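Each chain, letter by letter, is given below.
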Amino acid sequence: MQCCGIGYDVHPLVEGRKCILGGVEIPHPRGLEGHSDADVLIHAIADAILGAIGEGDIGKHFPNSDARWKDAPSRVFLEEIRRMLGARGARLINVDATVIAEAPKVLPHAPAMRAHIAGALGIDASRVNLKATTNEGMGFIGREEGIAAFATASVDVP
Ligand code: MG
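Remember, it's a predicted structure, so these values are computed and weren't measured experimentally. (Residues numbered from 1 in each chain as written. Predicted model: local features only at pLDDT ≥ 70, side-chain atom pairs only at ≥ 80, totals over all residues. Heavy atoms only, no water.)

A. Spatial organisation of helix α3 (residues 75-87). The end-to-end C-alpha separation of α3 is 19 Å, in line with the 18 Å expected for 13 residues at 1.5 Å each. Turning to α3, its buried residues are Phe77, Leu78, Ile81, Met84 and Leu85. The buried residues of α3 occupy an angular sector of 115 degrees when the element is viewed end-on, so they sit on one face. For α3, exposure combined with an orientation more than 90 degrees from the buried face picks out Arg83, Gly86 and Ala87. Its buried side turned inward, α3 meets α1 (40-52), α2 (58-61), β5 (91-100), α4 (110-121) and β7 (146-156). Positioned one or two residues after α3, Gly89 has a phi angle of 70 degrees, which is positive. (Helix = DSSP H or I, 4+ residues; strand = E, 2+ residues; numbered from the N terminus. Expected span 1.5 Å × (residues − 1). Buried < 20%, exposed > 50% of the residue type's maximum accessible area, 1.4 Å probe, protein only. Arc of directions from axis to C-beta. Contact = heavy atoms within 4.5 Å.)

B. Summary view of the coordination of the magnesium ion. The protein atoms donating to the magnesium ion are Asp9 (OD), His11 (NE2) and His43 (ND1), with metal-donor distances spanning 2.1 to 2.3 Å. Spacing between the donor residues of the magnesium ion along the chain follows D-x1-H-x31-H. Of the two residues, His11 sits in strand β1 (residues 2-15) while His43 sits in helix α1, which places them 32 residues apart along the sequence. His11 sits in the buried class, given a relative accessible area of 13%. By relative accessible area, which is 7% here, His43 ends up buried. (Donors = N, O, S within 2.8 Å, 3.2 Å for Na, K, Ca; no water.)

C. Representation of α1 within the structure. Along its 13 residues, α1 runs 19 Å from first to last C-alpha, staying within 8% of the 18 Å computed at 1.5 Å per residue. Among the 13 residues that make up α1, 12 are buried, leaving the element largely enclosed by the rest of the structure. Looking at α1, one finds that the buried residues are Val40, Leu41, Ile42, His43, Ala44, Ile45, Ala46, Asp47, Ala48, Ile49, Leu50 and Ala52. After α1 finishes, the residue Gly54 shows a positive phi value of roughly 65 degrees.

D. Representation of the nonpolar core. Core analysis: the largest hydrophobic core is formed by 48 residues, its most contacted members being Leu21, Ile45 and Ile49. Listing elements by their share of this core, those giving two or more residues are β1, α1, α3, β5, α4, β6 (128-133) and β7. If one sorts the elements of this core by residue count, α1 sits on top with 10 residues. Ignoring anything within four residues of it in the chain, the contact list for Ile49 reads Ile81, Leu85, Leu92, Val95, Leu121, Ala153 and Val155. (Core = buried A, V, L, I, M, F, W, Y, C linked by side-chain atoms within 4.5 Å.)

E. Up close: the sheet that holds β7. Read from one edge to the other, the open sheet built from 5 strands follows the order β4-β1-β7-β5-β6, with strand pairing classed as mixed. Strands at the two margins of the open sheet, each flanked by one partner only, are β4 (30-32) and β6. Within the sheet, the average angular offset between the axes of one strand and its neighbour, ignoring direction, is 20 degrees. Lying on the sheet, α1 is in contact with β1, β4, β5, β6 and β7; it crosses β1 at an angle near 155 degrees. (Pairing = 2+ DSSP bridges. Axes fitted to C-alpha atoms, helices over the stretch in contact; angles between N-to-C directions.)

This is the structure:
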């Protein structure tokens, strides 16, 4: 059975943090704040895949009260989800995601992000589609106070 899931995440942009999106460090004066590395794109993708297999969300499996995930690279969430898929004989078909950021520019880094995400999930990079848009200067994203991401995932579940 083919199942789909949706994911959404947002993190604030603050001074003194690295800006890591899709596992790639992007040169930028500010970075995303959160318990882990705050990789908003990977978090949205993780939620989409967990949604597709009916496994709740990233907070259920990787709670921010758990010291194990403090400043953890979000890649480990995808690797754990890959194990969950394998354990139930499920196959990830594709991931599609959109990053919404006024700055930094995301698309120049998309090939590296795709390779990183696909590598963590054990699928071909052609199965990971990334898109980026600004918020046309409006709202908290437009004021560069934060970055958001949406994702969907399709999973073949036995
Ligand atoms: Mg998050």
